[in-house]
Amino acid sequence: MEEAILMGSLFEELEAREATARVRVDELEEQLAEVTGRLEEARENLGRLQIARETVFEVMAEMSADTSGAVDVEPAAVEADETEESSAYAGAERQMVGVLAVPHWRPGMDTSALPKIYRDSVEVVRDAPGPVRAKQVVPRIGLPAEVGKIEGTRGKLKRLVARGWLAEGDPHPARQAGPVVDPC
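Before going into details, it helps to say that this report is about the structure given with it. It should be emphasised that the depicted structure is a prediction, and the values quoted were computed from it without experimental measurement.

With that settled, consider the packing of helix 2 (residues 116-127) against helix 4 (residues 147-162). For the pair helix 2 and helix 4, the least separation of the axes is 10 Å and the interaxial angle reads 80°. The orientation of helix 2 with respect to helix 4, classified from their angle, is roughly perpendicular. Contacts between helix 2 and helix 4 involve Ile117, Tyr118, Ser121, Val122 and Val125 from the former and Lys156, Leu157, Arg159 and Leu160 from the latter.

Written out as structure tokens, the structure reads:
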């Protein structure tokens, strides 16, 4: 009789352990499904980035073949070990090719040739009664008056001056004709 009780207890213990193991397997399968889903998303993102890089490379190669005024930025001097995975373009000469976000101003050009943020900045400066500073332009183009936004806008204004869209002058409005950016 004692042997039957012992055997019954052993089978009950094995069933309990089996149930616990089954629950653990189910939990791990759920985790695996979640990780597999995240892995698929990451693979899709990687694929999109690879296609984007390859497309941009092809477009730039075509543009550089059509454009004689390519500007060398910095040739990459990368020597990859054959055992290391490296970019297919490692060591390739990097170039900026014929695209200017802010073109040089020419007679007859209007602000529609500029990207929106630059166009808005030019309009704010032109509407001002006198020279303006970057910190005055920022809120008028809808950006928060934060140091980073002000500095970014200052750089854009300087670019507009360098490309002939605005004039940088001294801060006395009576001495200026046309849109002026205060150099400070």
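What follows concerns the pattern of salt bridges. All told, the structure shown has eight salt bridges when counted by the stated rule. Across the pair Asp120 and Lys116 runs a salt bridge, and its minimum N-O distance is 2.8 Å. With Asp120 and Lys116 both in helix 2 and four residues apart, this pair spans about one turn of that helix. Residue Asp120 is classed as buried on the basis of its relative accessible area of 17%. The shortest N-O distance in the salt bridge between Lys158 and Glu168 comes to 2.7 Å. Taken as a pair, Lys158 in helix 4 and Glu168 in strand 3 (residues 167-168) lie far apart in primary sequence, 10 residues in all. For Lys158, a relative accessible area of 38% corresponds to the partly exposed category. On the basis of relative accessibility, which here comes to 36%, the residue Glu168 falls in the partly exposed class.

Reading the values: rules and limits
- Residues numbered from 1 in each chain as written.
- Predicted model: local features only at pLDDT ≥ 70, side-chain atom pairs only at ≥ 80, totals over all residues.
- Heavy atoms only, no water.
- Axes fitted to C-alpha atoms, helices over the stretch in contact; angles between N-to-C directions.
- Helix = DSSP H or I, 4+ residues; strand = E, 2+ residues; numbered from the N terminus.
- Parallel < 35°, antiparallel > 145°, perpendicular 65-115°, else oblique.
- Contact = heavy atoms within 4.5 Å.
- Salt bridge = Lys/Arg side-chain N within 4 Å of Asp/Glu carboxyl O.
- Buried < 20%, exposed > 50% of the residue type's maximum accessible area, 1.4 Å probe, protein only.

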